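Coordinate inspection notes
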Amino acid sequence: MRRGILRLCPFFLVPVLSYLPWRSIVENCFTWFLERTGRCILPNDPDSPESLPSEGAGSPESFSGEGVGSPESLPIQGVGSPEPLPCEGVGSPESLPIQGVGSPESLPSGGVGSPESLPSGAVELRVHRSARSYDVEDTDEYYCEYDSTWEDPPNKETSRQKSQHEWVHQYTGWLQESHRFNRFKSAAKDMQKYRHDYPEHRSNLYFGGQQQDDMPNLQFYREQIPSSPDGVFIEDYHNNWKWQYLKLERVHSYIQWLFPLQEPGMNNQAKELTKKEIEAFLQDETAKKRLVKSYKLMLDFYGIQLSNDTTGEVRRANNWHKRFDNLDRNTHNNLRITRILKCLGTLGFPHYQAPLVRFFLEETLVKGKLYNVKESVLNYFIFAVIDKQERRDLVEYAYKHYEPKHEFVWCPKKIQMTFSNGE
C-alpha cells in the first residue's frame, strides 16, 4: 500500500509544482543572494550602500552632470558601447567641457529661449521650477541610469558613491523591467550621447575618415558643393523638391545632408559634423537661414507648418490629413524626425525642439492620431530636447495625457506621484 502511494506521488507533485510562481521565487532568491554577497564583499567600504550619507546614492547630489549635445541617434540610432555608461555621458564630470558646442550654456545670453529673452515673471517661474530637487533613488521601479532629466548638478563627494552603489541595482533590476521600459533604456543611452555632445569624439582628430578641418556639410550649405550621391545643391532641394512628396519619401540619401549630425547615418557618402564645423556653422547666418528652409521643407512633407520663425511654434498644415497618413504608414520617418531634432539642437536652433515635440505629443496622446509615431515621440523625440526644464515639462505633459497610467515608463515612479499630486 505504502509503495503504491509513493509511486503515485510524482503524478500529484508535478502539476502542483508547475503552478508555483517559480520566476518570482528565483528573482527574490537572486536579489537576496546579491545583497548578502555585497555586504560580505564591501562591509567596511565607505562607498557601500550601508555607509552612504543621508542623501543616498540616488540623490541628485550623487549624479554626474548633464552635458550637451544631441542625439536620438538611434542612430540612425543606437550607436553605443554595450558597457553601461555613467549616468550622463562617457567619462567623469571633470572630463566634460564647461561650455560645449551646442550646449545650453553656449547659447548667447540674450538668445531666443534664454532667461534674458523672457518676461520677468517667466524668468522667476523658470528659476523656481528648475531649482527643485527631485532626489530620485536608483531603486525606483523606472529609474534609468542613462536619463539625466531628473538629476541636479553633481556633488564631487557623492558622485563616486553612485557608481559603487549601482552594481546591485543593475544586476537585480533587469529581472523586473518591462519590455517597454527596456526599449526606453536603449533609446535613453543613445540620446544621452547626443545631449552630451558625443564625448567619445572630443579627443579624436578624425571622424569617419575626415579631418577636423574638413567642412563638407558647411560647404554644402554655402552652395559650394552638391550632396552625394544625388548631386543636388542646397537651393535645388529648397526650390525643386518642395511638394515632391513621392521623391522625399523614396529617396533616402538626402536627409543626412540636410540635417547633418556628429554620427553616421544610412548614407555612407555623407560626412559627420566635426566640432570645428559646428563652430563655423553657428557663425554663418546664411547657412543657418538655409537650415530653417530645410526644416520647413520637411515639416511640409509631414503636414506641419512653422507658424512662428522666432519661437519655433508649429501647427497642422492644410494638407495634414494625407501627410499624416503617409507618416503613420512609413515609420522610417520617425528616425528622420529624430535626426532633425538633434540637428536643430546642434546647429543653433535648440528652441525649435520643444514646440515640435509638444505638437507630436498632442497629436498622439490627446487627439489620438499618428499611432505608429507615439512610441518614438516618448522614447526619442522628448529626450532629444537639450533644455532640461523643457524636457521635464514635456514628460509631465505626456504623463498627464497618457493612458493607462500604470504603463507609463518614461520617468521614475516618484516623479509620477509628484505629477499626480499636482506638485
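The structure reproduced in this document is the subject of the present report.

For the pair helix H13 (residues 332-346) and helix H15 (residues 374-381), interaxial distance at closest approach is 10 Å and the crossing angle is 30°. The orientation of H13 with respect to H15, classified from their angle, is roughly parallel. Handedness of the H13/H15 crossing: right-handed. Contacts between H13 and H15 involve Asn334, Ile337, Thr338 and Leu341 on the former and, on the latter, Ser376, Tyr380 and Phe381.

Right, let's get into the nonpolar core. Leu258, Tyr295, Phe360, Leu361, Phe381 and Ile382 are the most contacted members of the largest nonpolar core, which totals 86 residues. Looking at this core, the element that brings in the most residues is helix H11 (residues 285-301), giving 8 residues. In contact with Tyr295, not counting residues within four places along its chain, are Phe259, Leu306, Val314, Ile340, Leu344, Tyr352 and Leu356.

A separate point is helix H14 (residues 353-366). The terminal C-alpha atoms of H14, which comprises 14 residues, lie 19 Å apart, in line with the 20 Å expected from a rise of 1.5 Å per residue. When you tally the buried positions in H14, you get 11 out of 14 residues, the bulk of the element. Taken residue by residue, H14 has Gln353, Ala354, Pro355, Leu356, Val357, Phe359, Phe360, Leu361, Glu363, Thr364 and Leu365 as its buried positions. After H14 finishes, the residue Gly368 shows a positive phi value of roughly 70°.

Moving on, we get to the pattern of salt bridges. Under the criterion given, the structure shown has 14 salt bridges. Here Asp309 makes a salt bridge to Lys296, at a shortest N to O gap of 3.1 Å. Of this pair, Asp309 sits in the loop between strand E3 (304-306) and strand E4 (314-316) while Lys296 sits in helix H11, and the two are 13 residues apart along the sequence. In this structure, Glu403 engages Lys405 in a salt bridge whose closest nitrogen and oxygen atoms are separated by 2.9 Å.

Basis of the calculations
Residues numbered from 1 in each chain as written. Predicted model: local features only at pLDDT ≥ 70, side-chain atom pairs only at ≥ 80, totals over all residues. Heavy atoms only, no water. Axes fitted to C-alpha atoms, helices over the stretch in contact; angles between N-to-C directions. Helix = DSSP H or I, 4+ residues; strand = E, 2+ residues; numbered from the N terminus. Parallel < 35°, antiparallel > 145°, perpendicular 65-115°, else oblique. Left-handed = near helix turned anticlockwise from the far one by under 90°. Contact = heavy atoms within 4.5 Å. Core = buried A, V, L, I, M, F, W, Y, C linked by side-chain atoms within 4.5 Å. Buried < 20%, exposed > 50% of the residue type's maximum accessible area, 1.4 Å probe, protein only. Expected span 1.5 Å × (residues − 1). Salt bridge = Lys/Arg side-chain N within 4 Å of Asp/Glu carboxyl O.

In short, shape yes, function no, at least from these values alone.
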